[in-house]
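# Commentary on secondary and tertiary structure
Here is what each chain is made of, one letter per residue.
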Amino acid sequence: MNFEKINFKNTAGYELSGRLELPADRHPHSYAVFAHCFTCSKNFSATKNITRAMTSAGFGVLRFDFTGLGDSDGDFADSNFSGNVDDLLAAIDYLKEHYKAPSLLVGHSLGGAAVIYASAKADSIKAVATVGAPSDTKHVRHLFGDQLDAIVENGEATVQLSGRPFKIKEQLLKDLNEQKVTQTLKSLRKPILIMHSPQDQTVGIEHAEKLYHAAVHPKSFVSLDGADHLLMDKKDSKYVGEVIAGWSSRYIDIEEDITLATRHNVVASLNNDSLFTTQMRAGNHYFIADEPTSIGGNDFGPNPYELLSSGLAACTVMTIQMYARRKKWLIENVECHVDYDKQHAIDCENCEESSAKIDTFTREIKITGDLDEKQLQRLLQIADKCPVHKTLHSDTQVVTKLVR
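Procedures and definitions
- Residues numbered from 1 in each chain as written.
- Predicted model: local features only at pLDDT ≥ 70, side-chain atom pairs only at ≥ 80, totals over all residues.
- Heavy atoms only, no water.
- Core = buried A, V, L, I, M, F, W, Y, C linked by side-chain atoms within 4.5 Å.
- Buried < 20%, exposed > 50% of the residue type's maximum accessible area, 1.4 Å probe, protein only.
- Contact = heavy atoms within 4.5 Å.
- Axes fitted to C-alpha atoms, helices over the stretch in contact; angles between N-to-C directions.
- Helix = DSSP H or I, 4+ residues; strand = E, 2+ residues; numbered from the N terminus.
- Parallel < 35°, antiparallel > 145°, perpendicular 65-115°, else oblique.
- Left-handed = near helix turned anticlockwise from the far one by under 90°.
- Nonpolar A, V, L, I, M, F, W, Y, C, P; charged D, E, K, R; others polar.
- Pairing = 2+ DSSP bridges.
- Polar contact = N/O pair within 3.5 Å; in protein donor to acceptor, adjacent residues only side chain to side chain.
- Expected span 1.5 Å × (residues − 1).
- Patch = residues over 30% accessible without salt bridge, like charges linked within 9 Å, V, L, I, M, F, W, Y side chains within 5 Å.
- Areas by Shrake-Rupley, 256 points an atom, 1.4 Å probe, with all protein chains shown as cover.
- Salt bridge = Lys/Arg side-chain N within 4 Å of Asp/Glu carboxyl O.
- Lys, Arg positive; Asp, Glu negative; His and termini not counted.
- Charge placed at Lys NZ, Arg CZ, Asp CG, Glu CD.
- Disulfide = S-S within 2.5 Å.

Counting 46 residues, the largest nonpolar core has F8, V33, F64, L88 and L185 as the members making the most contacts within it. Dropping the residues within four chain positions of it, L88 is found in contact with V33, A35, F64, F66, A114, V115 and A118. One finds A46, M54, L193 and I244 within the second-largest nonpolar core, a separate group that totals 27 residues.

The relative placement of two packed helices is expressed as an angle between their axes plus a distance between the axes. One can describe the packing of helix α9 (residues 304-327) onto helix α10 (residues 373-383) by two numbers: an axis separation of 9 Å at closest approach and a directional angle of 130°. The orientation of α9 with respect to α10, classified from their angle, is oblique. Crossing of α9 against α10: the hand is right-handed. Taken together, the residues of α10 that come into contact with α9 (itself represented by T316, T319, I320 and Y323) are R378, L379, I382 and A383. Class assignment for the residues of the contact of α9 with α10 results in five nonpolar, two polar and one charged.

With antiparallel pairing, the three strands of this open sheet are ordered in space as β11-β12-β13. In this open sheet, the two strands that pair with only one neighbour each are β11 (266-269) and β13 (285-289). The average angle at which neighbouring strand axes cross in this sheet is 20°, direction not considered. Bridge count for β11 against strand β12 (residues 278-282) is four bridges, and the pairing is antiparallel. Bridge assignment links V267 to a residue of β12, and that residue is R281.

Another aspect to go through is the side chain of T67. Summarising the element assignment, T67 is placed in the loop between β4 (59-64) and α2 (81-98). When its relative accessible area of 9% is taken as the criterion, T67 is described as buried. A polar contact of 3.1 Å, which involves the side chain of T67, links it to the side chain of N10. Side chain to side chain, T67 and D87 meet in a polar contact 2.8 Å long. Once residues within four sequence positions are removed from consideration, T67 is found in contact with N10, Y14, L16, D73, G74, F76, S79 and D87.

Attention now moves to α2. For α2, spanning 18 residues, the distance from its first C-alpha to its last is 26 Å, which sits close to the expected 26 Å at 1.5 Å a residue. Among the residues making up α2, those that are buried are F81, N84, V85, D87, L88, L89, A90, A91, I92, Y94 and L95. Sitting at the head of α2, N80 places a side-chain oxygen 3.2 Å from the backbone nitrogen of S82.

A surface patch of negative charge is lined by E332, D370, D372 and E373. Positionally, D370 belongs in the loop between β15 (357-369) and α10.

Moving on to the state of the cysteines. The final tally for this structure, using the stated rule, is one disulfide. At a sulfur-sulfur separation of 1.9 Å, the disulfide partner of C37 is C40. Taking the sign of the S-S torsion, -75° for the link of C37 and C40, the bridge is left-handed. No difference in accessibility class separates C37 from C40, as the two residues are buried. Residue C336 stays outside any disulfide, its sulfur separated by 7.9 Å from that of C386, the closest cysteine. For C336, a relative accessible area of 14% puts it in the buried group. Looking at C386, it has no disulfide partner, and the nearest cysteine sulfur is the one in C315, 3.6 Å off. Under the relative-accessibility criterion, C386 is labelled buried at 0%.

Such coordinate-based values are descriptive only and should not be taken to indicate function.
Structure representation (structure tokens):
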């Protein structure tokens, strides 16, 4: 996984702190913005797990702190639901200007209600997903408990939320009272996925029912059976991210993966605009080769010499285990660590000359098992007999021809 720390300003001039999660092995096929739950932050565990599951599926996902929360500027006491929607729109504009306009909005809890509002105002958004979202923003008022009257009477009060004190002002209550989530959803003509746990003790499952009935097709519902509202179990939040990624692929434009056809064992394909990021097929297996960013690559995959070293390492452990099984020696595990470099030849006569350097693979083997010293030494000899090792030591030739 790759990421970039970013900062952008909202319409009020506050600088918001964000983190753009990116796939580790490719450029994102699409971008999404994630809205966290009420008083949470971009670094909340469920938020991280959901976005990382989405990046594994090829999305670039921006998660950020709403005004006055986490690392973002501003005073939370002066923020409200409408301000959260404005923050989302600012995040959408930032991606559009600096990367690519996002096509998906995802919101957790009150963030789910916010993405419904924001998606109605953002043309680039093609699909919306909510997780444990309320059908009525006034629902949040119950979190303020016995301080609700004090907020109304005094204009503000300090409320304990998730074990932390927050100053809540009356203007937030008024703003929550004015929002009509289901009404906005009825007029939203965009695909929506509603995810909710039947056991949610914070936002009851009836809210999901109201959202679903208010939405127009195409609409989908997925039950998060057994999950709590904050998705504290990593399996639940990871599942949410995986489902959202799969569901949304039906509604947003995703370029199909390159299918390489060949009559040979291996094929490599590199476009002019891909730097060194090379599409590979070996047998029935697809992967990427690349160069590190230090020399102009994207570092989306191993470089050619790392692939060559990988072949030696893989062949070594396979050969050792195959021999041990034949001898009925129990090896619990065998590891082979390989480095490639150009070094002076052993016992060379002209070691001071750079031309005397040769390609050198340094191999370290770790064997775990109940073996005596004689057996270990024999396995070390066997390692030198692995087919790839022999190939590297033998006279080889590369026959090249141009095909059209």
